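Topology and contacts: notes
Chain residues, written in single-letter form:
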Amino acid sequence: MGRLVVVGLLLAVAIALQAGPTEEQRIEETIDAVVKAYSSGDYDTMGQYYAPDVTVVPGDYGPTLSGWTNVMPRYRQAHLAYGHIEMARENTRITRRGNIAWASYQWQLAGLRGKELLEVQGQTTLILEKRKGRWLIVHNHTSLVPAPPPPPKPAASQPQP
């Protein structure tokens, strides 16, 4: 009887492995590919994961952009202003309801503008839709987190009488 349970468990594991990644894993792979493509400035690859009719709310309080053909130049312009860019993503949470999903995550970006180091952080929420078997970003809302103010300068010491 114990052998039957073990054989059944092994069969269930084998079936699960053959089934491939879950939809949530595919969404995670989509987000990961977009972050990597953004970091390297590969907008052709990045565009493969955005719906042609995507809307994007940029983090700089600019107006909402509609359509990848309008979004891509904006990403390119921002990327060209800086040298090498590194982007790290954390605390990703994915929720799926059928062919619609949303994901939110925090990110940190570092880049160079000349010799000046730029470091910013923010939060992004993506809405994805499964179209023709692929998860595509149909909406991207990014918010920058303001940098904390510099520490106050110590008061100049007054000469004592």
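Let me begin by describing the structure that accompanies this report. (Residues numbered from 1 in each chain as written. Predicted model: local features only at pLDDT ≥ 70, side-chain atom pairs only at ≥ 80, totals over all residues. Heavy atoms only, no water.)

**Overview of the packing of aromatic side chains**
Taken as a whole and judged by the stated rule, the model has four aromatic pairs. Consider the rings of Tyr-50 and Trp-68, whose centres lie 4.8 Å apart with planes at 25 degrees: the pair is stacked. Here the residue Tyr-50 occupies a position in strand β1 (residues 50-57), and Trp-68 occupies one in helix α4 (residues 68-80), the gap between them amounting to 18 residues. The two residues Tyr-50 and Trp-68 agree in class, both being buried. For the pair Trp-68 and Tyr-75, a centre-to-centre distance of 6.2 Å together with 40 degrees between the ring planes defines the contact as tilted. Here Trp-68 falls in the buried class, since its relative accessible area comes to 12%. On the basis of relative accessible area, Tyr-75 is assigned to the buried category, the value being 16%. Taken together, the aromatic side chains of Tyr-38, Tyr-50, Trp-68 and Tyr-75 make up a single cluster linked through ring pairs. Cation over ring: Arg-89 sits above Tyr-105, and NZ or CZ is 5.6 Å from the ring centre. (Phe/Tyr/Trp six-rings, centres within 6.5 Å; stacked < 30°, edge-to-face > 60°. Helix = DSSP H or I, 4+ residues; strand = E, 2+ residues; numbered from the N terminus. Buried < 20%, exposed > 50% of the residue type's maximum accessible area, 1.4 Å probe, protein only. Lys NZ or Arg CZ within 6 Å of the ring centre and 35° of its normal.)

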